[in-house]
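Single-letter residue listing:
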Amino acid sequence: MATSSIRVDDEGGIAVVTLQHGKANTLDTEFCRELIVRLEDVQLGGYRGVVLTGSGNIFSAGVDLRRVRDGGAGYVDEFLPALSDAFLSVFGFPGPVIAALNGHAIAGGAVLAAACDRRILSSGPSRIGITELLVGVPFPLAALEVLRSGFGADVVAELAFLGETHLPDDALRLGLVNEVTDPGTVLPRALEVARKLAEIPAAAYAHTKAQLHRPFHERIAEHRTGDDAHVLELWSSPEALASITAYVDRVLSGGK
């Protein structure tokens, strides 16, 4: 790839996978496909664990809605399957995956965080939440199942319907993250946790993780084809695309 949106560094057998896609590490088709390839390479490379983090002061602001607005239904058709596959590439990674949330984890960024085994959030103004319904679009099935696994069904329902984002103390209270620490220690602490979990025999860890995730993977396997088609139809509708355009103009472009 001519331009990489993801950097992988070896920290003593732990792969630090850093999202570095624009100012907000937003998710588009190319980024999602690259994440899948990078995690496959990490697995084949024999790394004992992964730390997933972001560049700058944002983990990920979620879907690149400007790309959706500009590309319309044709772009949505290729993007949504890639998005779900990217979430599942993190969720299905057999070894330990720790999220070092260096800043905001919003919408699709929160799903990426939920797909990890543990989440460590930077203190300060960092927020985490899922805002898709505020934009006017539903969640793909894979995203909801990952969120249910990571955050719990009751909390996810509240997050989804209200669309609120939460500062670190509330995120910790709600169980959206496992720890909150100073910005300068988020990555070192995530590496410490990853190394500790990597001491567990790999086959035992992978099997236990697969057991814990099995109900979610089974629901995805059973219902994804039909549900994805309906979600695609909803995202591609004139009403949804108009809602996305209005959200971009109102929220992301400052009313410009």
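Residues numbered from 1 in each chain as written. Predicted model: local features only at pLDDT ≥ 70, side-chain atom pairs only at ≥ 80, totals over all residues. Heavy atoms only, no water.

(A) Seen up close, the state of the cysteines. The tally for this structure, following the rule as stated, stands at zero disulfides. C32 forms no disulfide, and the closest cysteine sulfur to it belongs to C116, at a distance of 14 Å. Among the residues examined, C32 registers a relative accessible area of 1% and is labelled buried. (Disulfide = S-S within 2.5 Å. Buried < 20%, exposed > 50% of the residue type's maximum accessible area, 1.4 Å probe, protein only.)

(B) Spatial organisation of the pattern of salt bridges. Under the criterion given, the structure shown has 14 salt bridges. Taking the shortest distance from any N to any O, the salt bridge between R7 and D9 comes out at 2.7 Å. In this structure D9 comes out as partly exposed when scored by relative accessible area, which is 27%. For the salt bridge of K209 with D117, the shortest nitrogen-to-oxygen distance reads 3.1 Å. With K209 in helix α9 (residues 202-236) and D117 in the loop between α3 (108-114) and β7 (118-122), this residue pair connects regions lying 92 residues apart in the sequence. Look at K209 and you get buried, because its relative accessible area is 7%. Through salt bridges that share partners, D28, E30 and R67 make up one connected network. (Salt bridge = Lys/Arg side-chain N within 4 Å of Asp/Glu carboxyl O. Helix = DSSP H or I, 4+ residues; strand = E, 2+ residues; numbered from the N terminus.)

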